[in-house]
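# Descriptive analysis of the structure
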Amino acid sequence: MHIFEFIRPKDSAAAIAAAAQSKTAQQGADVRFMGGGTTLIDLMKLNVETPDRVLDINRLPLDKIEATPDGGLKIGATVRNSDLANHPKVQRDYLVLSQAILNGASAQIRNMATVGGNLLQRTRCMYFRDTAMPCNKREPGSGCPAITGSNRTLAILGASEHCIATNPSDMCVAMAVLEATIHIQGSKGSRAIPISDFHLLPGSTPNRETVLEPGDLITHVTLPRPIAGSKQVYLKLRDRASYEFALVSAAVVLTIASGNITRARIALGGVGTKPWRSPEAEAALTSKVANDATFRQGAEAALRGAKPQSENGFKIELAKRCLAYALHTAAVS
Ligand SMILES: Cc1cc2nc3c(=O)[nH]c(=O)nc-3n(C[C@H](O)[C@H](O)[C@H](O)COP(=O)(O)OP(=O)(O)OC[C@H]3O[C@@H](n4cnc5c(N)ncnc54)[C@H](O)[C@@H]3O)c2cc1C
Ligand code: SF4
């Protein structure tokens, strides 16, 4: 393993100042923050990540879950995934988020993993994790062997000719339908980014996955006030029942009045190069009768732009059925 310096900054300002010296914020960055380390240390052991300095942010005061004055929720960046999923207010008002997190990884990993780290977890594409192989995301310009190789688990939405890797997070799919905002403190001040703008499509720069700049520290995430009476479901389909990433998943927040859908927020996981919010499905569902025919129409709309690779065409129908069933389950809940 690459030799690195391990630092515990005394406060956020010191952490940001140290990280701002990095040449890049993402792939290849020589200074990295560390939350739970369940992505970072994993990739350092594989020599995929080789930072010179690792800044442990666990002692910074970013570990609280608090109500906001407008009735929403403020979630610190170092809050553990388990604590978030099991928080009474999350289980009551943001059930889709609790379900998504509890469907991910294992209890041990969720106990370590942080909210900030989960937002930035890396793809599970096997070529990305193998330094003997070329990979545009790991080594820009080296090529993408997945396009002609093993791509069963990879993306059908948002891919480019340079990268077809999926974003693997369950939590982010739920945060997409809850319209979360990511709060960042950097060397030039603070800013707030809607989650839909936080992750980038791969385009010709798949090595750049988010809008983060060198020194940017995610401090917290906010969720808006819960939608009264909404029905929420996260459904994840995978090759085995636990300790496995999504082949496809669907996050659904529905409001139904007198049998009609008055509001729909839809996102898919396991199929997109970023957590995949679907305005197309939301438009197809809104103001329609809440029945199985409508749910199927919403699912058709969500997958209309899907482009399969050689091994993952099955994901299109699987994702449609997953979303239609998640909508059905939410409607009858
Ligand atoms: C075996 C296994 C199975 C898994 N299964 C699933 C699954 O089914 N579903 C799923 O969604 N996930 C799964 N995961 C991924 C897991 O959820 C992530 O590894 C975890 O959420 C990352 O959080 P962390 O705090 O450990 O991140 P870290 O490893 O500490 O950090 C990850 C990245 O985020 C950066 N970072 C961390 N905190 C901040 C911050 N506050 N500001 C700026 N940058 C920051 C780090 O520099 C690093 O680049 C699995 C992981 C493993 C190892
Ligand atoms: S799909 Fe992306 S991560 Fe996978 S090999 Fe191609 S460039 Fe690398």
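Owing to the predicted nature of the structure, the values given are computational and were not obtained by experimental measurement.

## Overview of the pattern of salt bridges
Applying the stated criterion across every chain yields a total of 25 salt bridges. For the salt bridge of D93 with K89, the shortest nitrogen-to-oxygen distance reads 3.0 Å. In this pair, D93 and K89 are both assigned in helix α4 (residues 88-93), four residues apart and thus about one turn of the helix distant. A cluster of three or more residues bridged by salt bridges with shared partners is formed by R32, E49, R122, K137 and E209.

## A word on the site of ligand 1
Neighbouring ligand 1 are 33 residues, the closest being F33, G35, T38, L40 and T114. At 2.9 Å, a backbone N or O of A105 approaches an oxygen atom of ligand 1. Between a nitrogen atom of ligand 1 and a main-chain N or O atom of I218, the distance comes to 2.9 Å. With the chains in place, 94% of the 980 Å² that ligand 1 exposes on its own is no longer accessible.

## Describing the site of ligand 2
If you check the shell around ligand 2, you find 13 residues, and the closest are C125, C135, C144, C163 and I164. The class makeup of the residues in the shell around ligand 2 is 10 nonpolar, two polar and one charged.

## What to know about the environment of P214
Structurally, P214 is set in the loop between α9 (195-198) and β8 (217-223). Residues P214 and A29 lie 185 residues apart in sequence; the distance between their C-alpha atoms is 8.2 Å. Residues within four places of P214 in sequence aside, it is in contact with A19, A20, S22, K23, T24, A25 and S187.

## Details of the environment of A281
Looking at where A281 falls in the secondary structure, it is placed in helix α10 (residues 279-285). Residues A281 and A299, spaced 18 residues apart in sequence, show a C-alpha to C-alpha distance of 6.4 Å.

## Here we look at unusual backbone geometry
Leaving glycine aside, a negative phi is the common case for residues, and trans is the common case for peptide bonds. With a phi angle near 65°, N47 is a residue other than glycine that sits in the positive phi range. Positionally, N47 belongs in the loop between α2 (40-45) and β3 (53-56). A relative accessible area of 39% means that N47 is categorised as partly exposed. Positive phi outside glycine occurs at Y243, with the angle close to 60°.

## Re the nonpolar core
Of all hydrophobic cores here, the largest spans 43 residues; its most connected members are L84, L97, L119, M175 and F198. When residues in this core are grouped by element, the largest group, seven residues, is from helix α8 (residues 171-177). Apart from the residues lying within four places of it in its own chain, the contact partners of L97 are L84, V90, M171, A174, M175, L178 and L223.

## Considering the sheet that holds strand β11 (residues 260-269)
Ordered in space as β9-β10-β11-β12, the four strands form an open sheet in which the pairing is antiparallel. The two strands at the open ends of the sheet, each matched to only one other strand, are β9 (231-237) and β12 (276-277). Of the strand pairs in this sheet, strand β10 (residues 248-257) and β11 are connected by nine bridges, and their pairing is antiparallel. When the bridges of β11 are listed, T255 appears paired with R263. Contacting β9 and β10, helix α5 (residues 95-102) runs over the sheet at an angle of about 15° to β9. Contacts from helix α12 (residues 314-332) reach β9, β10 and β11 within the one sheet, and its direction differs from that of β10 by about 35°.

Cut-off values and rules
- Residues numbered from 1 in each chain as written.
- Chains lettered and ligands numbered in written order.
- Predicted model: local features only at pLDDT ≥ 70, side-chain atom pairs only at ≥ 80, totals over all residues.
- Heavy atoms only, no water.
- Salt bridge = Lys/Arg side-chain N within 4 Å of Asp/Glu carboxyl O.
- Helix = DSSP H or I, 4+ residues; strand = E, 2+ residues; numbered from the N terminus.
- Near = heavy atom within 4 Å.
- Polar contact = N/O pair within 3.5 Å; in protein donor to acceptor, adjacent residues only side chain to side chain.
- Areas by Shrake-Rupley, 256 points an atom, 1.4 Å probe, with all protein chains shown as cover.
- Nonpolar A, V, L, I, M, F, W, Y, C, P; charged D, E, K, R; others polar.
- Contact = heavy atoms within 4.5 Å.
- Buried < 20%, exposed > 50% of the residue type's maximum accessible area, 1.4 Å probe, protein only.
- Core = buried A, V, L, I, M, F, W, Y, C linked by side-chain atoms within 4.5 Å.
- Pairing = 2+ DSSP bridges.
- Axes fitted to C-alpha atoms, helices over the stretch in contact; angles between N-to-C directions.

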